[in-house]
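Here are the chains, one letter per residue:
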Amino acid sequence: MIYAENKCFILSTAHTSYAFCVNEEGLLEHLHYGALIAPSNDTEDFFKAVKEKVSHNKGTTIAYKKDSLTILEDMMLEVSSVGKGDLREPLIELVYEDGSRTSDFVFEDYMTVEKPECYRTLPCSLRDDDARCLRIVLKERVKPVKIVIDYIVFESSDVISRRTVIINEGEEPVKILRLLSNQVDFDDCGYRITSFGGNWGREMDRFDTVLNTGKFVVSSRAGVSSNRSNPFVMLTNPDTSETHGDAYGFNLIYSGNHYEAFEVSGFYKTRFVAGINPEGFDWVLDKGEAFEAPEAVMSYSAEGYRGLSHNMHDFVRNHVVRGKYKDKPRPILLNSWEAAYFNVNASRIVSLAAKAKEAGAELLVMDDGWFKGRNGETSSLGDWTPDKKKIPAGLEALADRVHEAGVDFGIWVEPEMISEDSDLYRAHPEYAMTIPGRENSLGRNQMLLDLTNPEVVEYVKDSMRNIFKTPGLNYVKWDMNRMFSDVYSKVLPKERQGETLHRYYIGLYDILKTLTEEFPDILFEGCASGGNRTDLGILSYMPQIWGSDDTDAIERTRIQTGLSYGYPMSSITSHVSACPNHQTLRNTPMDTRFNVAAFGVLGYELNFSDISGAEFELVKEQTALYKEWRDVFFGGDFYRLSDQSWMVVSKDKKRAAAIIWKELCRPNDFYLKLKTAGLDPDTQYHVYNIAKKYNIKLFGDLINQMAPIHIKKDSLIHNTLARFIKLDSEKEDYTVSGQLLNNAGIKLSQAFGGTGIGGETRLFQDFYSRMYFMEATDR
């Protein structure tokens with residue numbers, strides 16, 4: 001809902017309100033963002049009550065105008081700029097033709113827009129009947145420049161997005177040094193700022209910082225949204241918990257360098273700004289031109305981190321992800337990478353496809369190594385034709401054979417890259433993003449293609465079309481395995497080099513929009529050395545992202561927990577891989593690897609031709625179980641129950657699954673409780689686990705405490721007994737109400753803790769986990 005009267009505005013979702021007014025100076029004064037408010041009959045008192053009172057000047061501050069009591073340094077604003085006394089982070093910084101940098105944007109007009117148009121150059125949110133838009137037009141008081149701000153209200157998601165466009169209506173060019181996307185001023189300080197960062201293989205670690213003074217910045221200079229610092233950030237009160245308290249979340253629909261800053265002023269107010277990282281950026285805006293800042297997304301919940309996450313999940317599912325696979329559960333895939341690395345060929349792929357079918361997988365993905373001369377990471381990127389030695393009959397014939405084996409067919413590509421040792425580079429060295437006269441800095445032995453060059457953009461489109469039009473191609477993994485270092489475009493003049501990185505993304509988004517629209521039946525998955533470009537910009541074109549190259553199940557619990565704060569698990573792929581794990585050399589039980597991966601979009605990295613018969617049978621059980629519960633994992637509401645427990649509940653609350661995992665066990669530690677969330681309190685649920693059989697060799701020579709004769713560990717008799725004698729796991733089986741499960745929980749079977757073992761003992765050793773299922777029943 002949008003309220004607009006007397007130059008005051010309230011944007012309301014189902015549970016939140018965002019309010020601002022135009023003050024007597026023509027400035028947009030921010031009043032409130034938080035829980036729902038609605039104007040009473042006496043709107044004059046309503047807005048007077050929420051405005052800050054100013055009766056005299058404040059210390060050594062600067063007055064906005066002569067004889068004015070408006071002090072920008074202490075005013076909560078919608079738009080801040082350089083000059084006029086505001087010393088905090090600006091939203092906008094311009095350089096005019098006379099060299100001056102002071103800007104003063106004041107209100108000109110407003111309108112409501114039914115379905116605002118999307119950007120010309122950038123991705124935007126999907127606007128449907130749920131969306132309402134307030135458009136504010138601001139004019140610079142002296143210069144012929146305007147700003148148009150769209151506030152788009154997504155009522156059911158409790159999300160408001162904001163998009164900003166600057167227009168040069170003058171004769172002279174204007175240089176943009178900064179045009180951020182979002183600004184929210186808060187009237188207090190001491191908030192907890194939560195950011196998510198890490199590095200390759202350990203993405204999305206959570207970091208909390210309480211900010212009482214100064215500035216806290218989250219940013220990327222890597223040319224990508226980055227595994228170092230994701231653009232999703234949160235602001236909460238220090239006492240906010242998972243289920244209680246004020247929680248704000250912010251994100252960008254953008255994939256390049258980003259900047260999020262929280263700054264506490266000398267008057268103990270906190271300002272948040274977010275958008276394109278100003279460092280290394282500038283843009284020359286010529287006469288009549290407009291520049292579009294990325295769309296910003298924000299949400300508030302009074303129900304803690306969980307409520308905020310549910311808002312963000314709902315928004316991403318309904319207003320970011322699009323296309324055929326938006327609401328369609330995804331296939332279980334087998335990826336060739338950890339099975340073969342670069343040593344792929346047609347016969348190996350067909351063999352893996354046959355095993356994939358037998359195991360219950362539905363898609364075989366041929367990863368890196370299939371194209372001309374690609375036997376390692378030092379060559380061939382850009383030469384997108386099948387290697388005749390590896391795939392002599394071509395991709396179409398291979399796709400046919402994979403389909404004949406009973407599964408769909410997918411491939412890996414890295415279209416944004418070029419190798420020095422490639423036919424493309426030998427023919428077109430100018431296509432690479434390099435600085436003339438300087439030695440190239442390589443990442444993973446490769447260079448970036450210069451997507452600011454329209455000729456390169458068309459080359460990428462054409463080369464990918466030639467691949468994607470292959471009959472029988474069902475899936476594409478789009479990778480991007482290096483960051484930016486020496487940013488330069490040979491097609492831009494020197495005064496426009498600051499535009500290079502943003503123009504790169506304009507080119508990339510043009511490519512992605514074109515190809516995903518031309519090939520709507522292909523399931524695209526985004527990847528960038530794992531989670532180096534996990535953002536809403538990529539999710540606007542590809543419905544799922546490979547969250548990390550780290551497939552270790554314990555590491556994945558941390559990564560997926562971090563991702564879950566701002567991204568739905570239906571958009572994150574997660575695979576079961578071999579042990580010792582290829583990233584950590586850790587051994588984790590197959591059950592745990594599956595249980596963790598099932599909460600994302602499930603896949604496998606195993607070589608099904610090499611694993612043991614027992615493991616293969618277990619995979620078959622896993623895929624059958626996942627298919628039975630896939631609609632819940634994919635479409636349900638996700639809950640973080642504790643530091644080592646998740647849960648997902650179907651939208652109709654009739655089915656749910658929970659996982660509890662253990663990192664390191666301790667002796668004499670027997671107790672564990674499953675306390676759920678999100679179930680219907682008035683519904684009866686059948687709660688159960690999947691009973692397992694355990695190898696007696698788990699107990700080593702402790703077996704002698706039970707055996708009538710002495711058994712030497714790893715002896716012939718020990719190994720023979722282990723083949724025929726299995727220990728039963730505990731069995732949990734209850735029919736109880738959702739009220740009991742949510743409010744009290746189920747006290748689970750006693751764990752092994754160094755003493756005693758029996759049929760109802762829960763073996764919960766290092767890296768073990770359990771999955772529990774809940775189904776509504778008439779009983």
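This text follows the structure it describes.
Because the structure is predicted, anything quoted here is derived from the model rather than measured.

1. A word on the overall build of the protein
Here's step 1: Each helix and strand in the protein was counted, giving 14 helices and 40 strands.
Here's step 2: Radius of gyration (C-alpha) of the protein: 29 Å, near the 28 Å computed for a compact globule of 779 residues.
Here's step 3: Overall, the protein is about 100 × 65 × 40 Å in size when its C-alpha atoms are taken along their principal axes.
Here's step 4: Here the protein holds 779 residues, and 60% of them are scored as buried.
Here's step 5: Sequence separation of at least 24 residues holds for 70% of the intrachain contacts in the protein that already meet a minimum separation of 6.
Here's step 6: When the accessible surface of the protein is split by element, carbon and sulfur atoms take 49% of a total near 30,300 Å².

2. Details of helix 12 (residues 613-635)
Here's step 1: Here helix 12 is 23 residues long and its end C-alpha atoms lie 33 Å apart, about the 33 Å a rise of 1.5 Å per residue gives.
Here's step 2: A bend of about 65 degrees at Trp-629 is the largest found in helix 12.
Here's step 3: Those residues of helix 12 lying buried are Phe-616, Leu-618, Val-619, Gln-622, Thr-623, Leu-625, Tyr-626, Trp-629, Arg-630, Val-632, Phe-633 and Phe-634.

3. Digging into the packing of aromatic side chains
Here's step 1: Taken as a whole and assessed by the stated rule, the structure comprises 49 aromatic pairs.
Here's step 2: Where Phe-484 meets Tyr-505, the ring centres are 6.4 Å apart and the plane angle is 40 degrees; that geometry is what we call tilted. Of this pair, Phe-484 sits in the loop between strand 26 (473-478) and helix 8 (500-518) while Tyr-505 is found in helix 8, placing the two residues 21 residues apart along the sequence. A single burial state applies to Phe-484 and to Tyr-505, both of which are buried.
Here's step 3: Ring geometry for Tyr-509 against Tyr-541: centres 5.7 Å apart, planes inclined by 25 degrees, an arrangement best described as stacked. Residue Tyr-509 is located in helix 8, and its partner Tyr-541 is located in the loop between helix 9 (536-539) and strand 28 (544-546); the two are separated by 32 residues in the primary sequence. Each member of the pair, Tyr-509 as well as Tyr-541, is classed as buried.
Here's step 4: Taken together, the ring pairs connect Phe-9, Tyr-18, Phe-20, Tyr-33, Phe-107, Tyr-110, Tyr-151, Phe-186, Tyr-191, Tyr-248 and Tyr-300 into an aromatic cluster.
Here's step 5: Here the guanidinium or amino end of Arg-586 rests over the ring plane of Phe-767, the centre of that ring lying 5.2 Å away.

4. Let's talk about the pattern of salt bridges
Here's step 1: Scanning all chains against the criterion turns up 59 salt bridges.
Here's step 2: Overlapping salt bridges, with partners in common, bring together Asp-368, Arg-374, Glu-377, Glu-414 and Arg-444 in one network.

5. Some points on the sheet that holds strand 40 (residues 769-777)
The strands that make up a sheet pair up through hydrogen bonds in the backbone, lying either parallel or antiparallel.
Here's step 1: The strand order 31-32-33-40-35-38 describes an open sheet built from 6 strands, whose pairing is antiparallel. A strand with exactly one partner marks an edge of an open sheet, and here the two such strands are strand 31 (637-642) and strand 38 (733-737). Between one strand axis and the next, the sheet turns by 20 degrees as a mean value, whatever way the strands run.
Here's step 2: Where strand 35 (residues 684-689) meets strand 40, 6 bridges bridge the pair, whose relative direction is antiparallel. Within strand 40, the position partnered with Val-687 by the bridge is Met-774.

6. Observations concerning the environment of Glu-242
Here's step 1: Positionally, Glu-242 belongs in the loop between strand 14 (233-236) and strand 15 (247-252).
Here's step 2: With sequence-adjacent residues up to four places away left out, Glu-242 is seen in contact with Glu-303, Gly-304, Tyr-305, Arg-306, Tyr-565 and Arg-640.

7. So, the state of the cysteines
In a disulfide, the sulfur atoms of two cysteines are covalently bonded to one another.
Here's step 1: As enumerated under the stated definition, the model contains 2 disulfides in all.
Here's step 2: Between Cys-8 and Cys-21 runs a disulfide, and the two sulfur atoms are separated by 1.9 Å. Judged by the torsion about the S-S bond (115 degrees), the Cys-8/Cys-21 disulfide is right-handed. Note that Cys-8 is positioned in strand 2 (residues 8-12) and Cys-21 in strand 3 (residues 16-22), a separation of 13 residues in sequence.
Here's step 3: What makes Cys-8 buried here is its relative accessible area of 8%.
Here's step 4: The exposure class of Cys-21 is buried, given its relative accessible area of 0%.
Here's step 5: Shown here is the disulfide that connects Cys-118 with Cys-124, its sulfur atoms set 1.8 Å apart.

8. Description of the pairing of strand 33 (residues 655-661)
Here's step 1: Most of strand 33 sits out of view: 7 of its 7 residues are buried.
Here's step 2: As paired elements, strand 32 (residues 645-649) and strand 33 share 5 bridges and run antiparallel to each other. Considered in strand 33, the bridge of Val-648 is made with Ala-657.
Here's step 3: Where strand 32 folds back onto strand 33 in an antiparallel hairpin, the turn is made up of 5 residues, including Lys-653, whose phi is positive at roughly 65 degrees.
Here's step 4: As paired strands, strand 33 and strand 40 are joined by 7 bridges and run antiparallel to one another. Note on strand 40: the bridge partner recorded for Arg-655 is Glu-775.

9. Things to note about the packing of helix 10 (residues 553-564) against helix 11 (residues 590-597)
Here's step 1: It is the contact of helix 10 with helix 11, at a shortest axis distance of 9 Å, that shows an interaxial angle of 20 degrees. The angle between helix 10 and helix 11 falls in the class roughly parallel. At the point where helix 10 passes helix 11, the crossing takes the left-handed sense. On the side of helix 10, the interface is formed by Ala-553, Arg-556, Thr-557 and Gln-560, while helix 11 contributes Thr-592, Arg-593 and Val-596.
Here's step 2: The class makeup of the residues in the contact of helix 10 with helix 11 is 2 nonpolar, 3 polar and 2 charged.

10. Focus on the environment of Arg-132
Here's step 1: In this fold, Arg-132 is placed in strand 7 (residues 131-140).
Here's step 2: For Arg-132, a relative accessible area of 35% corresponds to the partly exposed category.
Here's step 3: C-alpha of Arg-132 to C-alpha of Tyr-96: the two residues are 36 residues apart in sequence and 34 Å apart in space.
Here's step 4: Leaving out residues up to four positions away in the same chain, Arg-132 has contacts with Ile-2, Tyr-151, Ile-152, Val-153 and Glu-155.

What counts, and where the lines are drawn
- Residues numbered from 1 in each chain as written.
- Predicted model: local features only at pLDDT ≥ 70, side-chain atom pairs only at ≥ 80, totals over all residues.
- Heavy atoms only, no water.
- Helix = DSSP H or I, 4+ residues; strand = E, 2+ residues; numbered from the N terminus.
- Rg over C-alpha atoms; globule rule 2.2 N^0.38 Å.
- Buried < 20%, exposed > 50% of the residue type's maximum accessible area, 1.4 Å probe, protein only.
- Contact = heavy atoms within 4.5 Å.
- Areas by Shrake-Rupley, 256 points an atom, 1.4 Å probe, with all protein chains shown as cover.
- Expected span 1.5 Å × (residues − 1).
- Bend = angle between axes of the 7 residues up to and from the residue.
- Phe/Tyr/Trp six-rings, centres within 6.5 Å; stacked < 30°, edge-to-face > 60°.
- Lys NZ or Arg CZ within 6 Å of the ring centre and 35° of its normal.
- Salt bridge = Lys/Arg side-chain N within 4 Å of Asp/Glu carboxyl O.
- Pairing = 2+ DSSP bridges.
- Axes fitted to C-alpha atoms, helices over the stretch in contact; angles between N-to-C directions.
- Disulfide = S-S within 2.5 Å.
- Parallel < 35°, antiparallel > 145°, perpendicular 65-115°, else oblique.
- Left-handed = near helix turned anticlockwise from the far one by under 90°.
- Nonpolar A, V, L, I, M, F, W, Y, C, P; charged D, E, K, R; others polar.

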